Each structure stands twice: as C-alpha cells, then as structure tokens.
Amino acid sequence: MRTIASPIDGSPLDEVDEPAPAEISAALDAATIAAEQWRRRSATERGRVLLEASRLLRQHTSEIAELETLNTGKLLTETRREAARAADCFEYFGGYADKVTGTVVPVPGAYHAYTRREPFGVSLGVIPWNVPYFFAAKKIAPAIAFGNASVLKPSPETPLTALRLAALLREAGVPEDLVQVIPGGSATGAALVGDPRVKLIVFTGSDRTGRAVAKAAAANLTPVAMELGGKSPQLVFDDAQLDSVVEGVLTGIFGGCGQMCIAGSRLLVQESIADDLTARLAARVEAMIVGDPRDPDTEVGPQVTRRQADKTSSFISEGIEQGAQVAAQAPMPQRADLARGFFVAPTVFAGVRPDMRLAQEEVFGPVLAISRFRDEDEAIALAHDTQFGLAAGIWTNSASRAHRVAEVLRAGNIWINSYRVLSDMMPFGGVGMSGYGREGGTEAAGLYTWTKSVWTWTAEHSAVVFGGAR
Ligand code: NAD
C-alpha cells in the first residue's frame, strides 16, 4: 500500500495498492486473452468503442482535472486542457481505427501480393509523473484502436487519474481485461518490461530508466519506443518580435512548473538583443504568482514530488556556485497552508556557459538558462551542444532563416515563432538521448502494428518458386 501525497500542501490524498508478482502475471494472462478477442472485432466496431469513450471522458473533464491538480500540483487551467486532450485523443484514434490499410504490391509473376497491418497483442505503456492522465490516454487509445490490449504502468507518485481513466473506459464499453492500469514503482515496471507476454513497449521517462528498459526488452527482443528527456533550446534572433518571444519563452519553461520533457530550458539569444530580452523576462518573472494551482491567479504551482523539488533546488545552488548569474527569481508563496508544499521559485540564469550542468542536464523544473550567440552558425552549434534532441524553438521574422535553421536542427519537434503546441495528429518523439520511435499521427499506426506480407499464386497450375518472383 502506498500513500499518495498532494504536492500543494503535503497532505495525504489516497492509498493505492501495488500488485504482487502473481497479480501482475494474472493481469498479463488476462490481457493476452482479451487482445486475442479484441483483434477479431471489426476495426469499425473498435473505433466506435473509442468514440464512446471519448464522449464519456469529455463529460468528466472537470472532475478529472481537479483530481489531477490535487495529485500533481499543476494549474487547473493546464489539467483541464490535458483532460480535454485525452478525450480528443480517443476521438482521433477512434476515427482512425478503420483507416489503417495494407497495400497491394505489383510484384512480377503470377502473384497477388499484399500487406496487412497486424496488432502486436499486449502493448505496455510506462509513463512518468508529469502528465499522468493525458499520457495514459495517449498510450491506451492508439494501442486499442489498432487491435492491441493495453497495460499501463503509471508513476508510483501519480497513479490516481490513470486508475480513474481505466474505470471510465470500462463504463464506456471497453472490454474488462483489455485495458489494465497496474500501479507500482520500478520493481513493477521491471517485472512488466521483462515479461515475454508483453509484445510492445512504449516508454516515456528519463534516459537513465530508458536505458534499463531497452536492456530488459532486448532479452526478449521486444520492440520498444522511447520518449525520453530533453534540454531543448529556444533560439532568438535579433529580428524576432520580442513581445511574442517573452510569452513563448515563459510558457515554454514555466508551464507545468518546468516539468515538461519539451521544456525550452536553454534560451539562446543573439547578442544585440540579449540585455533587452533578459530585462523583459526578469520583469515578468519577478512579478510571477507562485502558489495554489487551484487559484485562477496562480501562474506557477509546486513541483510534483518532494524529490523533484529538492533536485531542482540543487541545480539552482550549483548554478550559482559555478558562476551563472541569477537574472530573476519569482517570489515564493507566503500562505501558511502552503508551507509544506513542494514549491521552488522559478529562476532565470544569465551568463550560462556550455560546460555548466545547467546547459547540459535536464533539470525538469522551473529554471531557465540564458546564453548568447553572435550569428546563426554559433546559434546552431550551441543548440547542438547537448546529447538530447527532443525539441527546439526558433524566433525570427525571416521566413527563409526560420526554415533554413529548422532544416539543420537535430530535434524531433520544432516550433517557429511559437512553442509547446501539440496535437495527436502530429508525430512526436526525439533523437539522440531523447529517444527513438514516434507516437501520434499516422506514425502511431506504424508503431502499434507490424507488417505482414502475403503472397498468393494466381495461375491455374500450382508452382513453388525459390529465389524470387518471376
Ligand atoms: P523515470 O524514468 O524515473 O520513470 C518513468 C517511469 O518508469 C515510471 O513509471 C517509473 O516507475 C518507471 N520505471 C522506473 N524504473 C523502471 C524499470 N527498471 N523498468 C521499467 N519501468 C521503470 O522518469 P520520471 O522521473 O517519472 O519522469 C521524468 C522524466 O520523463 C524526464 O526525464 C522527462 O523528460 C521524461 N519525459 C519524457 C517525455 C517524452 O514524451 N519524451 C514526456 C514526459 C516526461
């Protein structure tokens, strides 16, 4: 039994049972049987179940958002948006379910040759604590749309909305064992990823855990997609609209209290505008309201876990020790009832050198690191001076520069004159230490199915041909 605490004030929220090994094994057996039955239902029928789920999830948006805010400390405005996106995700993949087709291939000879897209069976989603409800939906919806069962392991700190999602899906008509949410920590995760009954793993989390998961999956040659961390740069050129840049940079780093894989945590600014942009950001950050995420005026809430709050604070102390300058820091909340909450003051560092940890390692908290560049080449070199490749922002009024830079940047997701815009209709994923494989859009159909090639001899007499078609 694990006690779930609220990051807003440290108070206990709920107690969640973590399964014993025998229960994990029974869940995988049940999911395997459910997958076999589900794949035999027509794709249209499967899609209708997802569309019904979407309708029900939309009705429960407010309830889910409130629970998510209590468990994660994220602003209600954010959790409402994420809850609505979860309903959108079921709608999108519900509509997509019967649009995945194979191809007929004009091979030479008397053959009718075609391909089919087949579900894997049991698909395992493992997710982190920063976006528990929407990430659960994002793992489950495409998996079942394309004919798989979905086993989901949420983070031990934030399992509540994923468990609620599983209950709502059953209410919407999703078969009993097809979707299983199994709470638990790293031991539960390790038991699941190492089990040969799991036929596909879609992992979201840190690169450290990602490596352990990839190793465990390799033992069974289980296919894996990895959605890992980032140290994403926002490149601001001297012809950019600074008012828009300020808004884009602030939401890019302080949204979700900085706990976003795509956080724009490195701000790379052209020298001639660096002082001006830093001053504008500092003015906004120093006036920022940090506090209770249920209060509509609050702009930044607490971190999700005490451990993360401590980690972020240690990055801030180390940045100061290493000689980066604190350009701005938001005031901490003053309310007595928030004193035990997991708050960290949003902080902007200027003068960050590429060799500092602040420029290289993922903080996963509300900390922005500003560095300067002279020209486009230096901007690109600085952007690439990291092992990650998840996202990047480009701010410029020159369309040719925007596309030129977007073409060379090594990052899975690039925003031009915007940041942090996401849709299930677009592929999402990273390169380098940010992972491999793509969720979302048409790529999701490729991720959650495998291709079978079928050859049919069409001439009157039968023949066996070795070594290629005639
Ligand atoms: P984490 O890697 O510590 O944990 C992620 C999940 O893996 C959790 O559910 C955890 O219980 C589980 N786990 C731990 N050890 C395991 C093991 N040996 N086998 C199987 N599962 C195991 O990550 P976190 O601290 O929960 O989340 C923060 C990280 O997630 C950050 O690095 C962030 O960038 C990343 N993230 C990536 C994306 C993306 O889409 N690229 C999105 C959000 C977060």
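Notes on the structure follow. (Residues numbered from 1 in each chain as written. Predicted model: local features only at pLDDT ≥ 70, side-chain atom pairs only at ≥ 80, totals over all residues. Heavy atoms only, no water.)

This part covers the site of the ligand. Close to the ligand lie 29 residues, the nearest being I127, S206, T209, L228 and E362. One of the backbone N or O atoms of E227 is found 3.5 Å from a nitrogen atom in the ligand. For the ligand, whose free accessible area comes to 860 Å², the fraction covered by protein is 89%. Here the ligand is seated within the largest pocket. Broken down by element, the residue count for the shell around the ligand peaks at four residues, all from helix α7 (residues 186–193). (Near = heavy atom within 4 Å. Polar contact = N/O pair within 3.5 Å; in protein donor to acceptor, adjacent residues only side chain to side chain. Areas by Shrake-Rupley, 256 points an atom, 1.4 Å probe, with all protein chains shown as cover. 1 Å grid on protein atoms, 1.4 Å probe; cavity = no way out; pocket = protein on both sides within 12 Å on 5 of 7 lines; lining within 4 Å. Sits in = over half its atoms within 2 Å of the grid points. Helix = DSSP H or I, 4+ residues; strand = E, 2+ residues; numbered from the N terminus.)

So, about the pattern of salt bridges. This model, assessed by the stated rule, comprises 35 salt bridges. In this structure, the salt-bridge partner of K452 is E118, at a minimum N-O distance of 3.1 Å. Highlighted residues: K452 in strand β20 (residues 449–457) and E118 in strand β4 (residues 111–119), separated in sequence by 334 residues. Residue classification places K452 among the partly exposed residues on the basis of a relative accessible area of 31%. Across the salt bridge formed by D355 and R353, the nearest N and O atoms sit 3.2 Å from each other. In this structure R353 comes out as partly exposed when scored by relative accessible area, which is 41%. (Salt bridge = Lys/Arg side-chain N within 4 Å of Asp/Glu carboxyl O. Buried < 20%, exposed > 50% of the residue type's maximum accessible area, 1.4 Å probe, protein only.)

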